[in-house]
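# Chains, contacts and geometry: an overview
Spelled out, the chains give:
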Amino acid sequence: MGLQQFEERLERLVEGTLAKPFRSNLQPVEIGRRLTREMDLHRRVGVRGLIAPNAFTVTLAADDVSRFSNFIDALSRELSDAAREHARIEAYTFVGPVEVEIFEGSNLKAGRFTVSAEVRESGDGNALAELVLPDGRRVQIGADPVVIGRLPECDIVLQDHNVSRRHAEVRRSVDGGVVLTDLGSTNGSRVNGTTVREQTLTSGDEVSVGSTKLIFEMS
């Protein structure tokens, strides 16, 4: 199931703006399959379950790099997102942010590539926790609290007139979980549509502040 969804995401990428550069022997789904296999092969048992690699290096032939040089960043983001999806489906845990770097290999022939994977810890050893903003940006929840509000000094600044200056705070709990706390906002904070004062978050929760919705992901 996980591999199928992984491939479907990458096929949609090919059908969109990246279709032209990938009219060669190398297809994104091939990279996806290899990356998925590396996750499965190099997973390991951790305190909170199976830990999967989160740092990937993809090396492509010079000819293939030149064909889609303008789309390397888009491909990297799509592979990262697909890796997160695969981890959610397979119940893998990450201990750091997911990163996919793509390089050129001088000794590779067109259509050939390599993928290496490693577990790269973020520093605190906790499972990776992030807030996904409406524009797709991700804010990692580390040792320091993340404040959401309209003030420029907030960690997540939202241009939403229904959001208070310092609206809510997201922080790590002692056991490594993540807690949302409303900071006395005018319009309140909601988790999955329910107004809360303080709430422990679960991966996939929808956090609403004002008119803005953010998604919490933990893996």
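Remember, predicted model here, so these are calculated numbers, not experimental data. (Residues numbered from 1 in each chain as written. Predicted model: local features only at pLDDT ≥ 70, side-chain atom pairs only at ≥ 80, totals over all residues. Heavy atoms only, no water.)

## Some remarks on the sheet that holds strand β2 (residues 49-51)
With respect to topology, three strands assemble into an open sheet ordered β1-β2-β4, the strand pairing being mixed. Of all the strands in the sheet, just β1 (44-46) and β4 (92-93) have a single pairing partner and so form its edges. In this sheet, β2 lies alongside β1 in antiparallel orientation, the contact comprising three bridges. Each residue of the ladder has a partner; that of Val45, found in β2, is Leu50. (Pairing = 2+ DSSP bridges. Helix = DSSP H or I, 4+ residues; strand = E, 2+ residues; numbered from the N terminus.)

## Remarks on unusual backbone geometry
The phi dihedral of Ala91 falls on the positive side, at around 60°, and the residue is not glycine. Judged by relative accessible area, Ala91 falls into the exposed class, the value being 55%. With a phi angle near 55°, Asn192 is a residue other than glycine that sits in the positive phi range. Topologically, Asn192 is positioned in the loop between β13 (189-191) and β14 (194-196). Overall, the relative accessible area of 47% leaves Asn192 in the partly exposed class. (Buried < 20%, exposed > 50% of the residue type's maximum accessible area, 1.4 Å probe, protein only.)

## Thoughts on the packing of helix α2 (residues 28-41) against helix α4 (residues 72-90)
With their axes 10 Å apart at the nearest point, α2 and α4 run at an angle of 40° to one another. Judged on the interaxial angle alone, α4 and α2 are oblique. Both α2 and α4 take part in a crossing whose hand is right-handed. Contacts between α2 and α4 pair Pro28, Ile31, Gly32, Leu35, Thr36, Met39 and Asp40 from the former with Leu75, Leu79, Ala83, His86 and Ala87 from the latter. Here the contact of α2 with α4 is built from residues that sort into eight nonpolar, three polar and one charged. (Axes fitted to C-alpha atoms, helices over the stretch in contact; angles between N-to-C directions. Parallel < 35°, antiparallel > 145°, perpendicular 65-115°, else oblique. Left-handed = near helix turned anticlockwise from the far one by under 90°. Contact = heavy atoms within 4.5 Å. Nonpolar A, V, L, I, M, F, W, Y, C, P; charged D, E, K, R; others polar.)

## Observations regarding the environment of Val146
With respect to the helices, strands and loops of the structure, Val146 is situated in strand β9 (residues 146-149). By relative accessible area, which is 5% here, Val146 ends up buried. Considered as a pair, Val146 and Ala168 are 22 residues apart in the sequence and their alpha carbons are 8.5 Å apart. Excluding residues within four positions of it along the chain, Val146 makes contact with Val139, Gln140, Ile141, Asp155, Ile156, Ala168, Glu169 and Val170.

## Let's talk about the side chain of Ser164
Tracing the backbone shows Ser164 in the loop between β10 (156-157) and β11 (168-172). Residue classification places Ser164 among the buried residues on the basis of a relative accessible area of 11%. Looking at Ser164, its side chain comes within polar contact range of the main-chain nitrogen of Thr186, at 3.0 Å. In contact with Ser164, not counting residues within four places along its chain, are Gly149, Arg150, Ser185 and Thr186. (Polar contact = N/O pair within 3.5 Å; in protein donor to acceptor, adjacent residues only side chain to side chain.)

## Observations concerning the side chain of Glu130
By secondary structure assignment, the location of Glu130 is in strand β7 (residues 129-132). Given a relative accessible area of 7%, Glu130 falls into the buried group. Within the local environment of Glu130, its side chain forms a polar contact with the side chain of Arg138, the two groups lying 3.0 Å apart. The contact partners of Glu130, leaving out residues within four places of it in the chain, are Arg84, Arg138, Val139, Gln140, Ile141, Ile215, Phe216 and Glu217.

## A short note on the pairing of β9
Because side chains alternate across β9, one face comprises the buried residues Val146 and Ile148, and the other comprises Val147 and Gly149, equally buried. Taken together, the two bridges between β9 and β10 define a ladder with parallel strand orientation. Residue pairing in the sheet places Gly149 in a bridge with Val157 of β10.

## A few points about the confidence of the model for the chain
When pLDDT is averaged across the chain, the result is 87; 88% of the residues are at 70 or more. No element of the chain has a lower mean pLDDT than helix α1 (residues 2-15), which averages 60, and none a higher one than β9, which averages 98. (pLDDT = per-residue confidence, 0-100.)

## Overview of the environment of Gly204
Mapped onto the elements of the fold, Gly204 is located in the loop between β15 (198-200) and β16 (206-209). Considered as a pair, Gly204 and Asn192 are 12 residues apart in the sequence and their alpha carbons are 9.3 Å apart. Excluding residues that lie within four positions of it along the chain, Gly204 makes contacts with Ile215, Phe216 and Glu217.

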